[in-house]
Amino acid sequence: MEEVTGAQLIAEALKAQDVEYMFGIVGVPIIEVAMAAQAAGIKYVGMRNEQAACYAASAIGYLTGRPVVVIGGSSDQNQETTGAFQEFPQVEACRLYSKFSARPSSLEAIPSVIEKAVRTSMYGRPGACYVDISGDMVNAKVNRSNVRVVSCCPPPPVSLADHTAITEALSVLKGAKRPLVIIGKGAAYGRAEASLRELVERSGLPFLPTPMGKGVLPDDHPNCVAAARSRALLQADVVVLLGARLNWILHFGLPPRFDPHLKVIQVDLCAEEMGNNVRPAVALLGDINAIVSQLLEYVRKDGWKYPSNTEWWSTLKEKIAANAKISKALALQSVVPMNYYTVFHHISQLLPHDCVIVSEGANTMDIGRTMLHNYLPRHRLDAGTFGTMGVGLGFAIAAAALEKSQNKGQRIVCVEGDSAFGFSGMEVETMCRYNLPVVIIVVNNNGIYSGMDPETWKEMAKMGDLTTIAPPVTLLPEARYHEVMTAFGGRGFLVRTAEELRSALQLSLSDWERPSLLNVLIDPASDRKQQEFPWLTRSNL
């Protein structure tokens, strides 16, 4: 009888569930799992930080629609409660943060547990699952004939909204004076772009993408009102919420950010999400793409279209023009050091329309959302709902690994604040090791939110112990982040002027042989233009 190890069973079970990528850092007892995964045909990307590996896995799950399963090694079963090496109740701890958390009870149970983890990860609201492997199971062996073969789980079932609710939603929408469609990450994950575009164009409705909803419809679409975001949210009387949540990013859907009499038509895959913060006028539960298709079918039959000559459209277009004028004035300032708007103005002119934009930081991410346009779905990856810093390089590695296997000629452009870059900066070695097509742009203002110029820093350093003097938001002025990239064989550029920025970016975008990092020094005092409703306003800085 053929004998197989636990590591082989894990790898074969993952392959049977169509898992293509694995990201991680190996160590005892899971080195053999990574080796077995490669032998089974799974692409293994060795990272420098477990946190970044999880970010990369989550990005691949989003980009491909496939599962996110975390596999961890733990103590030998016969050593539990004895104080074994790194003993910790991992299964119990992970239950708080994952959809499914389990440890196979035997080698024979591994394929079934893996299948359930994969299925649970994808069905309903997508989410991570955890499978714990005790150290003694990795190299233990079992006769293959004793292991039940488990086939690949089918795609998630597609559910439709109730037809009565669809009719009610359209009735509410027809009665709106100031309608707005909000496109969320759920619409991107649900591959709703084709039906949604037809719905928007047939109905004539203005739309606003959330950060991860950018690109589901192109940012330059005539119905996109992202440049009038504050006005659109404040004055809309009916909102069609497509796979977005009324959380802090959308100011909870509450006054003073929204009309107190706002009516919400909420479309979501998750029943528990319905009514969070604002009770919907109509709840449409089911698959986003399927429900958009249902709405579209009714609009086709009915022929209804929101007029383009309304006061609402005039208000939105006036605000878009006014904001564009302010941003353009800031962008065209020819001062050194540059400001955020100047940097993003020149970047936006050079980026190809099909590039994947990854971004994180404070002002870097916020301003970049408004100035760096996305034209294709699932081509924007950023910190999203949790606002977690450190996600950027892991996201970029995942997108680049996918691009390299598909060979579509896309570049991955990772736009980072200097503080955000520091969280996972060592992952540039991973990019160089695998020759990934990534261009990192570090927008360096010498701090978190704001920093100090080099001369002020030098004078302050003479005053005494910097741990008691230096403001908590400051970082080392003009740090040479680009040299981290060159240390591993990539291209590094120190950029101070618009001309240097354009030259370095053009060269980086044309060089497919190795990753690049542009260290763009900007004015430490550079800030966002005045915001009518800032997202976070607690700091007095």
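Above this text you will find the structure in question.
Bear in mind that the values here come from a model prediction, so they are computed numbers and not experimental data.

Asks: I would appreciate a short explanation of the overall build of the protein chain in the present structure.
Replies: Helices and strands together make up the secondary structure of the protein chain, namely 21 helices and 20 strands. Taking 2.2 N^0.38 as the reference for a compact globule, 541 residues should give roughly 24 Å; the C-alpha atoms of the protein chain span a radius of gyration of 25 Å, in line with that estimate. For the protein chain, buried positions account for 53% of its 541 residues. Surface summary for the protein chain: the accessible area is close to 24,200 Å², and the carbon and sulfur share equals 54%. Looking at charge distribution, the protein chain has the averaged site of its 51 positive side-chain charges lying 6 Å from that of its 54 negative ones.

Asks: Honestly, the nonpolar core in this entry has me stumped. Any pointers?
Replies: Within soluble globular proteins, side chains that are nonpolar tend to cluster in buried spots. Judged by nonpolar contacts, the single largest core of 102 residues is most densely connected at Phe 23, Leu 284, Leu 381 and Ile 440. Beyond its immediate stretch of four places on either side in the chain, Ile 440 contacts Leu 393, Cys 414, Glu 416, Phe 421, Val 428, Met 431, Met 485, Ser 516, Leu 517 and Leu 518. Listed in part, the 32 residues of the second largest apolar core include Leu 9, Leu 107, Met 122 and Val 138.

Asks: Just to check I follow, could you spell out the sheet that holds strand 5 (residues 100-102) for this structure?
Replies: Hydrogen bonds along the backbone pair up the strands of a sheet, which may run parallel or antiparallel. Taken in spatial order, the three strands make up an open sheet running 4-6-5, and their pairing is parallel. With partners counted over all chains shown, the strands left at the sheet margins are strand 4 (69-74) and strand 5, one partner each. Across the sheet, the mean angle separating the axes of adjacent strands is 15° when strand polarity is ignored. Two elements, strand 5 and strand 6 (residues 129-134), share three bridges in a ladder whose sense is parallel. Each residue of the ladder has a partner; that of Phe 100, found in strand 6, is Cys 129. Sitting on the sheet, helix 5 (residues 110-122) touches strand 4, strand 5 and strand 6, and the angle it makes with strand 6 is about 160°.

Asks: What should I look at first to understand the pattern of salt bridges in this one?
Replies: A side chain of one charge can pair with a side chain of the opposite charge if their charged atoms are brought near each other. In total, this model carries 22 salt bridges according to the counting rule given. The salt bridge partner of Asp 132 is Arg 103, with a shortest N-O separation of 2.8 Å. Taken as a pair, Asp 132 in strand 6 and Arg 103 in the loop between strand 5 and helix 5 lie far apart in primary sequence, 29 residues in all. The class of Asp 132 is buried, set by a relative accessible area of 1%. Take Arg 103: its relative accessible area is 26%, and that puts it in the partly exposed class.

Asks: Looking at this model, I keep getting lost on helix 12 (residues 311-331). Mind explaining?
Replies: In this model helix 12 runs 30 Å from its N-terminal to its C-terminal C-alpha over 21 residues, within 8% of the 30 Å that 1.5 Å per residue would give. Where helix 12 is concerned, the buried positions are Trp 312, Trp 313, Thr 315, Leu 316, Asn 323, Ser 327 and Ala 331. Seen end-on, helix 12 carries its buried residues on one side only, within an arc spanning 155°. Facing away from the buried side of helix 12 by more than 90 degrees, the exposed set consists of Glu 311, Glu 318, Lys 325 and Lys 328.

Asks: Just to check I follow, could you spell out a nonpolar patch on the surface for this structure?
Replies: Where nonpolar side chains cluster on the molecular surface, the patch consists of Val 26, Val 28, Ile 31 and Met 35 and spans about 380 Å² of accessible area. Note that Met 35 resides in helix 2 (residues 31-39).

Asks: What's the story with the packing of aromatic side chains in this structure? I'm lost.
Replies: A ring pair, where both rings are aromatic, is described by two values, the distance of the centres and the angle of the planes. Inspection of every chain in the model, using the stated rule, returns four aromatic pairs. Taken together, a centroid distance of 6.5 Å and an interplanar angle of 25° make the contact between Tyr 62 and Tyr 189 stacked. Taken together, the residues Tyr 62 in helix 3 (residues 50-64) and Tyr 189 in helix 8 (residues 185-189) connect sequence positions 127 residues apart. Measuring from centroid to centroid gives 5.5 Å for Phe 421 and Tyr 481, while their planes differ by 75°, and the two rings are edge-to-face.

Asks: Sorry, what's going on with the sheet that holds strand 19 (residues 491-495) here?
Replies: Taken in spatial order, the six strands line up as 14-13-15-16-20-19 in an open sheet, and their pairing is parallel. Edge positions in the open sheet fall to strand 14 (380-382) and strand 19, since each of these has one partner strand only. If you compare each strand with its neighbour and ignore which way they point, the axes differ by 15° on average. Pairing analysis gives five bridges linking strand 13 (residues 356-360) to strand 15 (residues 412-417), with the strands arranged parallel. Residue pairing across strands places Val 358 opposite Cys 414, the latter belonging to strand 15. On top of the sheet, helix 13 (residues 340-350) reaches strand 15, strand 16 (438-444) and strand 20 (516-521); it is set at about 160° to strand 16, its chief contact. In the packing of helix 21 (residues 498-510) onto the sheet, the strands contacted are strand 15, strand 16, strand 19 and strand 20, and the crossing angle to strand 19 comes to about 165°.

Asks: Where do I start with helix 11 (residues 288-302) in this structure?
Replies: In a regular helix each residue adds 1.5 Å, so 15 residues correspond to 21 Å; helix 11 covers 21 Å between its end C-alpha atoms and thus fits that length. Ile 288, Ala 290, Ile 291, Val 292, Gln 294, Leu 295, Leu 296 and Val 299 are the residues of helix 11 that are buried. Residues of helix 11 that are buried in the fold lie against helix 7 (163-174), helix 8, helix 9 (193-203), strand 10 (238-242), strand 11 (263-268) and strand 12 (282-285). At the N-terminal boundary of helix 11, the capping side chain belongs to Asp 287, with an oxygen 3.2 Å from the backbone nitrogen of Asn 289. Backbone geometry just downstream of helix 11 places Gly 303 in the positive-phi region, at approximately 80°.

Asks: Explanation requested: unusual backbone geometry in the structure shown.
Replies: Of all residues except glycine, most have a negative phi; of all peptide bonds, most are trans. The amide bond that connects Pro 255 to the next residue, Pro 256, takes the cis arrangement and shows omega of 5°. Checked against the element boundaries, Pro 256 lands in the loop between strand 10 and strand 11. Cis geometry marks the peptide bond from Val 336 to Pro 337; its omega dihedral reads 5°. By the secondary structure assignment, Pro 337 is in the loop between helix 12 and helix 13. Non-glycine residue Asn 277 carries a positive phi angle of around 75°. Structurally, Asn 277 can be placed in the loop between strand 11 and strand 12. Despite not being glycine, Arg 378 has its phi angle at roughly 60°, a positive value. Here Arg 378 shows up in the loop between helix 14 (363-371) and strand 14. By relative accessible area, which is 12% here, Arg 378 ends up buried.

Rules of the game
Residues numbered from 1 in each chain as written. Predicted model: local features only at pLDDT ≥ 70, side-chain atom pairs only at ≥ 80, totals over all residues. Heavy atoms only, no water. Helix = DSSP H or I, 4+ residues; strand = E, 2+ residues; numbered from the N terminus. Rg over C-alpha atoms; globule rule 2.2 N^0.38 Å. Buried < 20%, exposed > 50% of the residue type's maximum accessible area, 1.4 Å probe, protein only. Areas by Shrake-Rupley, 256 points an atom, 1.4 Å probe, with all protein chains shown as cover. Lys, Arg positive; Asp, Glu negative; His and termini not counted. Charge placed at Lys NZ, Arg CZ, Asp CG, Glu CD. Core = buried A, V, L, I, M, F, W, Y, C linked by side-chain atoms within 4.5 Å. Contact = heavy atoms within 4.5 Å. Pairing = 2+ DSSP bridges. Axes fitted to C-alpha atoms, helices over the stretch in contact; angles between N-to-C directions. Salt bridge = Lys/Arg side-chain N within 4 Å of Asp/Glu carboxyl O. Expected span 1.5 Å × (residues − 1). Arc of directions from axis to C-beta. Patch = residues over 30% accessible without salt bridge, like charges linked within 9 Å, V, L, I, M, F, W, Y side chains within 5 Å. Phe/Tyr/Trp six-rings, centres within 6.5 Å; stacked < 30°, edge-to-face > 60°. Polar contact = N/O pair within 3.5 Å; in protein donor to acceptor, adjacent residues only side chain to side chain.

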